[in-house]
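# Topology and contacts: notes
The lines below spell out each chain.
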Amino acid sequence: MSTVIKNISPLGFPWKTQDPFLFCAHHRDYYPAGNADLGVPEREKAGRNIGNDFTIKDGYRMYHGSNVPGFPYHPHRGFETITINKEGFVDHSDSLGGAGRFGAGDVQWMTAGKGILHSEMFPLLQEDKENTLEMFQVWLNLPRASKMVPPHFKMLWKENIPTINYRDSQDKITTVDLIAGEINQLRALDPTPDSWAAHEDNEVLVVTIKMEAGATYTLPKAKSSTTTRTLYYYRGTAIHIAGTAVYENHSIEVNAAVDLEITNSTSDSYILVLQGKPINEPVAQHGPFVMNTQQEIREAFADYQETQFGGWPWPQQEQVHDRTKGRFALHSDGREESFEQ
């Protein structure tokens, strides 16, 4: 390895992350045409472990869904979810009465804080053709001081997310969607206020990159030598970094304190970048709860058993919204944002 590249590893499911990140999963599923309930037709479910289907069959997984693919209601405490949607739709519902539907290019940033129940379902809105879904879910840790903040979510709509279209000397274009952080004095939208990413000194950077065949792009260095940076090269043929060829479906841990020149090869390449200053606190995790000690994990389970984090106000565990509903977000304070589908 060079002084630039620290480690190269094949991508698994989920993807390995570095502090301050806890988890990253990439979902790309080629769902069939949906039924009247926005779900998978019964004839398509044969041979699946319904309720716990994480094996790709016929191009898709059902995850924990029984009719609609996705993740029926489940609790979280002590961290944040960043859901980056690239294709298809995600329906959100939560125990605070919040709800939403977001689509390609949108990002949902949710602070679980002291505790929330939510569901993330993938409605199959098209009845006459395939429903493709592509999304990332990233878990960003919260420091001890913020683990018990009130839960809430924020939408970063695609119309507002800053995009860099860089044209290199060979007239090749690299497109960078800036979800969190700053690149060359261009700042992303503000994250949730209690996030580790809300403080510039923590240098949290979340971007997706699309490079044309033959393109070259330089990702500027971070300010701190302690900042971690991982590139997830999930689609393409090969890229070159510091004289090393890296092939698709690999993660690359790099030295964040140097400018990173990336040269693409013969086809379009797609990369997710996660960067941030480590929180450097003990991590105690059990399933959907991430705290600092095992005692706090036991308290999380006890609180959930007693309160259900507010209970479930929706009629279905696999809650989806009306087929005709556009992109929208309903917040617990009654505020609603909406877009045409």
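The paragraphs below set out a description of the structure included in this document. (Residues numbered from 1 in each chain as written. Predicted model: local features only at pLDDT ≥ 70, side-chain atom pairs only at ≥ 80, totals over all residues. Heavy atoms only, no water.)

### Considering the overall build of the protein chain
- Along the protein chain, the regular secondary structure elements total one helix and 26 strands.
- Projected onto its principal axes, the C-alpha coordinates of the protein chain cover approximately 55 × 50 × 35 Å.
- Considering the protein chain as a whole, with its 341 residues, one finds that 54% of them fall into the buried category.
- Taking all contacts inside the protein chain whose residues are at least 6 apart in sequence as the whole, residues at least 24 apart take part in 74%.
- Counting only carbon and sulfur atoms, one obtains 47% of the accessible surface of the protein chain, whose full area is about 14600 Å². (Helix = DSSP H or I, 4+ residues; strand = E, 2+ residues; numbered from the N terminus. Buried < 20%, exposed > 50% of the residue type's maximum accessible area, 1.4 Å probe, protein only. Contact = heavy atoms within 4.5 Å. Areas by Shrake-Rupley, 256 points an atom, 1.4 Å probe, with all protein chains shown as cover.)

### A closer look at unusual backbone geometry
- In this structure, Pro 14 follows Phe 13 across a cis peptide bond, with omega equal to 0 degrees.
- A cis amide bond links Asp 19 with the next residue in sequence, Pro 20, at an omega value of 20 degrees.
- By secondary structure assignment, the location of Pro 20 is in the loop between β1 (5–10) and β2 (21–31).
- Even without a glycine there, the phi angle at Asn 184 is positive, about 50 degrees.
- Assessed through its relative accessible area of 60%, Asn 184 is described here as exposed.
- Phi at Gln 308 is positive, roughly 55 degrees, even though this residue is not glycine.
- Turning to its location among the elements, Gln 308 is positioned in the loop between α1 (294–307) and β25 (328–330).
- Look at Gln 308 and you get partly exposed, because its relative accessible area is 29%.

### Remarks on the sheet that holds strand β19 (residues 244–247)
- The antiparallel open sheet is built from four strands, whose spatial order is β16-β21-β18-β19. Edge positions in the open sheet fall to β16 (216–219) and β19, since each of these has one partner strand only. Recorded for the sheet is a direction-independent mean angle of 30 degrees between the axes of neighbouring strands. (Pairing = 2+ DSSP bridges. Axes fitted to C-alpha atoms, helices over the stretch in contact; angles between N-to-C directions.)

### Describing the sheet that holds strand β8 (residues 116–121)
- Taken together, six strands build an open sheet; the order of strands is β3-β8-β5-β6-β25-β26 and the sheet is antiparallel. Where the open sheet ends on each side, the last strands, each with one partner, are β3 (70–76) and β26 (336–338). Mean inter-strand twist for the sheet, computed between neighbouring axes without regard to direction, equals 15 degrees.
- Sheet topology note: the β25/β26 ladder contains three bridges and is antiparallel. Bridge assignment links Phe 328 to a residue of β26, and that residue is Ser 338.

### Some remarks on the environment of Leu 117
- Tracing the chain through its elements places Leu 117 in strand β8.
- Not counting the four nearest positions on each side in its chain, Leu 117 is found in contact with Tyr 73, His 74, Pro 75, Ser 93, Asp 94, Ser 95, Tyr 304, Gln 308, Phe 309, Gly 311 and Trp 312.

### A word on the environment of Asn 264
- Take Asn 264: it is sitting in strand β21 (residues 260–264).
- Under the relative-accessibility criterion, Asn 264 is labelled buried at 5%.
- Along the sequence, Asn 264 and Met 135 sit 129 residues apart, while their C-alpha atoms lie 23 Å from each other.
- For Asn 264, the residues in contact, after removing those within four places along its chain, are Met 211, Glu 212, Ala 213, Gly 214, Ala 215, Tyr 233, Ala 238, Ile 239 and Ser 269.
- For Asn 264, the side chain forms a polar contact with the main-chain oxygen of Glu 212, separated by 2.9 Å.
- A polar contact of 2.6 Å, which involves the side chain of Asn 264, links it to the side chain of Ser 269. (Polar contact = N/O pair within 3.5 Å; in protein donor to acceptor, adjacent residues only side chain to side chain.)

### A closer look at the pairing of β21
- Here β21 shows a buried face lined by Leu 260, Ile 262 and Asn 264 and an unburied face lined by Glu 261 and Thr 263.
- Two elements, β16 and β21, share four bridges in a ladder whose sense is antiparallel. Each residue of the ladder has a partner; that of Leu 219, found in β21, is Leu 260.
- Judged from the three bridges that link them, strand β18 (residues 238–241) and β21 form a sheet pairing that is antiparallel.

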